[in-house]
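# Understanding the architecture of this molecule
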Amino acid sequence: KGAVLDSIKKNNLSHCVTILGFISDIKHELESSHLFVLPSLYSEGCPTSIMEAMSFGLPCIAYDICGNNELIIDGKTGLLAQEGDTKMLASHICNLIENKILYNRMANASQLRIRKYFTMKKCEEMHYKTFSQFNKKNYSKVF
């Protein structure tokens, strides 16, 4: 966090960047946001933050790494930048801010994707199906 704060101060961005710290209920933040950017290069599996943002109809921008690219359909529910390409990431942000038609299409598609594939009920069904198939193959000797 120190390096980020130092960079904000060094680049005179204190007037437009606020570090909020931990927030237990992010509903208000997501409702008042225009888009969601996850600039992390750390693969998180299936980032909850992206799922939460998409559930609020926010197009997402992130690097094309494992987990992010399972949630974000590039060009449909958000935009993926090549890993580590900060210029491409910035270009994607500007593109969604400037292109309202693209933004609206992605906002709708992101919310629909979460409702279709990532609800608790859908995850429960998929887990049940996977474990049922695993059990049918009788792997009991392995364990």
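Here, the structure is the one placed above.
Below is a summary of the structure that appears in this document. (Residues numbered from 1 in each chain as written. Predicted model: local features only at pLDDT ≥ 70, side-chain atom pairs only at ≥ 80, totals over all residues. Heavy atoms only, no water.)

### Some words on the sheet that holds strand 2 (residues 60–63)
Put simply, the rule is: For two strands to count as paired, DSSP must find a minimum of two bridges between them. In this text, helices come from DSSP runs of H or I with a minimum length of four residues, and strands from runs of E with a minimum of two, each type numbered from the N-terminal end. All axes here are fitted lines through C-alpha atoms, helices being fitted over the stretch that makes contact, and every angle between N-to-C directions spans 0 to 180 degrees. Any two residues whose heavy atoms approach within 4.5 Å are treated as being in contact.
Strands sit in the order 1-2-3 across an open sheet of 3 strands; the sheet is parallel. The open sheet is flanked by strand 1 (36–38) and strand 3 (78–81), the only strands paired with a single partner. On average, each strand axis in the sheet is inclined to that of its neighbour by 15 degrees, with strand direction left out of account. Where strand 2 meets strand 3, 4 bridges bridge the pair, whose relative direction is parallel. Looking across to strand 3, one finds that A62 is bridged to L80. Sitting on the sheet, helix 3 (residues 48–55) is in contact with strand 1 and strand 2, with an inclination near 170 degrees to strand 1.

### So, a nonpolar patch on the surface
Filter applied, for reference: Like charges within 9 Å and nonpolar side chains (Val, Leu, Ile, Met, Phe, Trp, Tyr) within 5 Å are joined into patches, using only residues over 30% in relative accessible area that form no salt bridge. For the area figures, the Shrake-Rupley method with a 1.4 Å probe applies, and any residue is considered shielded solely by the protein chains shown. We define a salt bridge as a contact between a side-chain nitrogen of Lys or Arg and a carboxyl oxygen of Asp or Glu at a distance within 4 Å. Each residue's exposure class comes from its accessible area (1.4 Å probe, protein chains only) as a fraction of the maximum for that residue type: buried when under 20%, exposed when over 50%, partly exposed otherwise.
A cluster of nonpolar side chains, contributed by V4, L5, L13, V17 and I19, occupies part of the molecular surface with about 340 Å² of accessible area. Take I19: it is sitting in the loop between helix 1 (2–10) and helix 2 (27–31). What makes I19 partly exposed here is its relative accessible area of 36%.

### Focus: helix 3
Note the threshold: Summarising the geometry, the arc corresponds to the directions from the helix axis toward the C-beta atoms.
Of all the residues in helix 3, the buried ones are I50, M51, A53 and M54. Across the axial projection of helix 3, the buried residues extend over an arc of 165 degrees, all falling on one side. Its buried side turned inward, helix 3 meets helix 2, strand 1, strand 2, helix 4 (68–71) and helix 6 (100–117).

### Comments concerning the pattern of salt bridges
Summed over the entire model, instances satisfying the criterion amount to 3 salt bridges. When the shortest N-O distance is used, the salt bridge between E31 and K27 registers 3.9 Å. With E31 and K27 both in helix 2 and 4 residues apart, the pair spans about one turn of that helix.

### Regarding the nonpolar core
We count it as follows: Nonpolar cores were defined as sets of buried Ala, Val, Leu, Ile, Met, Phe, Trp, Tyr and Cys residues, with membership established by side-chain atoms within 4.5 Å.
Ranked by internal contacts, the top residues of the largest apolar core, which has 26 residues, are F36, I50, C60 and L96. Of all the secondary-structure elements, those providing two or more residues to this core are strand 1, helix 3, strand 2, strand 3, helix 5 (86–98) and helix 6. In terms of residues, this core owes the most to one element, helix 6, which gives 5 residues. Excluding residues within four positions of it along the chain, C60 makes contact with F36, I50, A53, M54, I72, T77, G78 and L79.

### Re the side chain of H92
Tracing the backbone shows H92 in helix 5. By relative accessible area, which is 13% here, H92 ends up buried. In this structure H92 touches I61, L79, L80 and A81, once residues within four positions along its chain are discounted.

### Regarding the packing of helix 3 against helix 6
Note the following rule: Each angle receives one of four descriptions, namely roughly parallel if under 35 degrees, roughly antiparallel if over 145, roughly perpendicular if within 65 to 115, and oblique otherwise. Here a crossing is taken to be left-handed if its near helix is turned anticlockwise relative to the far helix by less than a right angle, and right-handed if that turn runs clockwise.
Contact geometry for helix 3 and helix 6: axes closest at 7 Å, N-to-C directions at 115 degrees. By the angle between their directions, the pair helix 3 and helix 6 is classed as roughly perpendicular. Like other packed secondary-structure pairs, helix 3 and helix 6 cross with a definite hand, here left-handed. Taken together, the residues of helix 6 that come into contact with helix 3 (itself represented by M51, M54 and S55) are S110, Q111, R113 and I114.

On their own, these measurements won't tell you what the molecule is for.
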